[in-house]
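Breakdown of the fold
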Amino acid sequence: MKKLRVVFALLTALSLFVAGFSAYGLLFRRQPAAAVSPAVVRPVVVTAPAITVSVDTLYEVLEPCTELVTATDRYTNRGTVSDHRELFGRTVSCTIEEVEFSYIGTLRAGIDLSEVKFEVNDASRVIYVTLPAPTVISHSIDTSSFIFQTKRNGLFTEISPDEFIAALDYISCEQEAVATKSGKVFRLASETAEQTVTGLLKAASVTADYTLRFYTAS
């Protein structure tokens with residue numbers, strides 16, 4: 001009986017020892033090291049300073065083409081010249097001379113690019129271009145294009161060259177006024193000038209990332 005108690009005590013002590021060792025292992029066993037993400041290396045972006053452009057540079061770019069840019073309006077016009085004789089303050093019908101004529105004329109409007117004005121906004125990358133107002137620079141008549149038709153052939157009356165030139169000058173001035181009022185030839189001159197300036201500035205590297213905005217001086 002005494003031996004059984006001793007054996008039971010040994011088994012109990014061994015059980016407690018095993019249990020204690022297991023608890024120690026659970027409490028103090030080595031935990032796996034936490035995974036550490038490698039540091040993300042971001043590339044260093046070096047931003048080049050924005051290129052700015054001065055008004056003087058723009059004039060230098062434009063200098064090779066500081067000439068007159070023109071637009072042409074070719075037209076056909078008709079007119080009438082007449083003369084007569086009077087008797088006692090009244091027109092003698094049989095003396096009325098009347099000639100109708102037609103001709104081809106050419107009206108040119110132009111813009112002097114040396115008078116272009118610039119304004120630069122570097123913050124918004126915009127170049128403001130002010131074109132001078134177009135003007136009529138020439139008005140010519142093709143003398144070989146004249147066609148004459150006699151409407152009335154009066155007796156004792158002959159239209160003089162001076163009368164014909166006066167009539168021609170008058171209708172030419174009228175034609176110029178019509179062209180000015182419609183503005184067609186002036187719009188063409190402005191568009192041509194704008195295309196010329198755009199081509200020159202866009203070809204220059206210093207203005208490559210600028211926006212061009214055009215205006216016409218009043």
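Up top is the structure these notes are about.
A brief look at the structure comes next. (Residues numbered from 1 in each chain as written. Predicted model: local features only at pLDDT ≥ 70, side-chain atom pairs only at ≥ 80, totals over all residues. Heavy atoms only, no water.)

Regarding helix α3 (residues 161-182)
Spanning 22 residues, α3 covers 32 Å between terminal C-alpha atoms, matching the ideal 32 Å at 1.5 Å per step. Gly 183 sits one or two positions beyond α3 and adopts a positive phi of about 75 degrees. (Helix = DSSP H or I, 4+ residues; strand = E, 2+ residues; numbered from the N terminus. Expected span 1.5 Å × (residues − 1).)

Overview of the sheet that holds strand β1 (residues 68-87)
Strand pairing within a sheet occurs via backbone hydrogen bonds; the two strands may be parallel or antiparallel. Spatially, β1-β2-β5 is the arrangement adopted by the 3 strands of the open sheet, whose pairing is antiparallel. Across the chains shown, the open sheet's two edge strands, defined by having one partner strand only, are β1 and β5 (135-152). Along the sheet, successive strands turn relative to each other by an average axial angle of 20 degrees, direction set aside. Of the pairings in the sheet, the one linking β1 to strand β2 (residues 90-112) comprises 19 bridges and is antiparallel in character. Bridging across to β2, Ser 82 finds its partner in Glu 98. Against the sheet, α3 makes contact with β1, β2 and β5, and its axis sits at roughly 140 degrees relative to β1, the strand it touches most. (Pairing = 2+ DSSP bridges. Axes fitted to C-alpha atoms, helices over the stretch in contact; angles between N-to-C directions. Contact = heavy atoms within 4.5 Å.)

Quick notes on the packing of α3 against helix α4 (residues 184-203)
Direction vectors running N to C along α3 and α4 enclose 55 degrees, while the axes themselves pass 5 Å from each other. Classified by the angle their axes make, α3 and α4 are oblique. Here α3 contributes Ala 179, Thr 180 and Ser 182 to the contact with α4, which in turn contributes Lys 184, Phe 186 and Arg 187. Its residues assigned to classes, the contact of α3 with α4 shows 2 nonpolar, 2 polar and 2 charged. (Parallel < 35°, antiparallel > 145°, perpendicular 65-115°, else oblique. Nonpolar A, V, L, I, M, F, W, Y, C, P; charged D, E, K, R; others polar.)

Focus on the packing of aromatic side chains
Centre distance and the angle of the planes are the two values used to describe a pair of aromatic rings. For the structure shown, the criterion picks out 11 aromatic pairs. Ring centres of Phe 101 and Phe 148 lie 6.3 Å apart, and the angle between their planes is 45 degrees; on these two criteria the pair is classed as tilted. Taken as a pair, Phe 101 in strand β2 and Phe 148 in strand β5 lie far apart in primary sequence, 47 residues in all. Residue Phe 101 is classed as buried on the basis of its relative accessible area of 1%. An aromatic cluster is defined as three or more aromatic residues linked by ring pairs; in this entry it consists of Tyr 75, Phe 101, Tyr 103, Phe 146, Phe 148 and Phe 164. (Phe/Tyr/Trp six-rings, centres within 6.5 Å; stacked < 30°, edge-to-face > 60°. Buried < 20%, exposed > 50% of the residue type's maximum accessible area, 1.4 Å probe, protein only.)

So, the packing of helix α2 (residues 55-62) against α4
Packing of α2 against α4 brings their axes to within 9 Å, and their N-to-C directions diverge by 110 degrees. Comparing the axis directions of α2 and α4 gives the class roughly perpendicular. Helix-helix and strand crossings are classified by hand; for α2 and α4 the assignment is right-handed. In this structure, α2 contributes Leu 58, Val 61 and Leu 62 to the contact, and α4 contributes Val 197, Leu 200 and Leu 201. (Left-handed = near helix turned anticlockwise from the far one by under 90°.)

Some words on the sheet that holds strand β6 (residues 211-216)
Taken together, 3 strands build an open sheet; the order of strands is β3-β4-β6 and the sheet is mixed. Looking at strand neighbours, the two that pair on one side only are β3 (117-121) and β6, the edges of this open sheet. For this sheet, the mean inter-axis angle between neighbouring strands, taken without regard to orientation, is 20 degrees. Relative to strand β4 (residues 126-131), β3 runs antiparallel, the two sharing 5 bridges. Looking across to β4, one finds that Glu 119 is bridged to Tyr 128. Strands in contact with α2 are β3 and β4; relative to β3, the strand with the most contacts, it is inclined by about 135 degrees. Those strands touched by α4 are β3, β4 and β6, and its axis lies near 155 degrees from that of β6.

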